[in-house]
Amino acid sequence: MKVTVDQDLCIGCGACIDTCPEVYDWNEDGMAHVIVDEVPEDLEELARQALSDCPVEAIKEE
């Protein structure tokens, strides 16, 4: 599973980082970004939860 954060949509609320900090973190601009190439299988559920929790739908699954 791969996920991406659309930097044009992200508002920097941090919900994804709170939910799954092993996959999402802050970038230098204060927005969320993905820190893994592929989501480890044991974190897929949390990564998808973060995706569904994003208030602006900035996270996409590839």
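Presented here is an overview of the structure given in this document.

Rules and cut-offs
Each chain carries its own residue numbering, running from 1 in the written order of its sequence. For this predicted model, a pLDDT threshold of at least 70 governs which residues receive local features, and a threshold of 80 or more governs which side-chain atom pairs are given and counted, while totals over whole chains, interfaces and linings are taken from all residues. Processing note: side-chain calculations cover all non-hydrogen atoms of the structure and skip hydrogens and water entirely. Runs of E in the DSSP output that reach at least two residues are strands. Runs of H or I that reach at least four are helices, and both are numbered from the N terminus. Burial here depends on accessible area, computed with a 1.4 Å probe over protein chains only, as a share of the maximum for the residue type. Under 20% is buried, over 50% is exposed, and the range in between is partly exposed. Contact criterion: two residues are considered in contact whenever any of their non-hydrogen atoms come within 4.5 Å of each other. A 3.5 Å cut-off defines polar contacts: any pair of N or O atoms within that distance qualifies, except that in protein one atom must be a possible hydrogen donor and the other a possible acceptor, and neighbouring residues in sequence count only when both atoms are side-chain atoms.

## Digging into the environment of E61
For step 1, the next point in the chain: Structurally, E61 can be placed in strand β4 (residues 59–61).
For step 2, the next point in the chain: On the basis of relative accessible area, E61 is assigned to the partly exposed category, the value being 40%.
For step 3, the next point in the chain: Along the primary structure E61 and M1 are separated by 60 residues, whereas in three dimensions their C-alpha atoms are 7.2 Å apart.
For step 4, the next point in the chain: Ignoring any residue separated from it by four or fewer positions in sequence, one finds E61 in contact with M1, K2, V3, R48 and L51.
For step 5, the next point in the chain: For E61, the side chain forms a polar contact with the side chain of R48, separated by 3.0 Å.

## Quick word on the environment of G30
For step 1, the next point in the chain: Secondary-structure assignment places G30 in the loop between β2 (24–26) and β3 (32–34).
For step 2, the next point in the chain: Residue classification places G30 among the partly exposed positions, given a relative accessible area of 36%.
For step 3, the next point in the chain: Distance from G30 to G12, taken between C-alpha atoms, is 6.3 Å for residues 18 residues apart in sequence.

## Details of unusual backbone geometry
For step 1, the next point in the chain: Phi angles above zero are rare outside glycine, and E57 is one such case at about 55°.
For step 2, the next point in the chain: Residue position: E57 is located in the loop between α2 (44–53) and β4.

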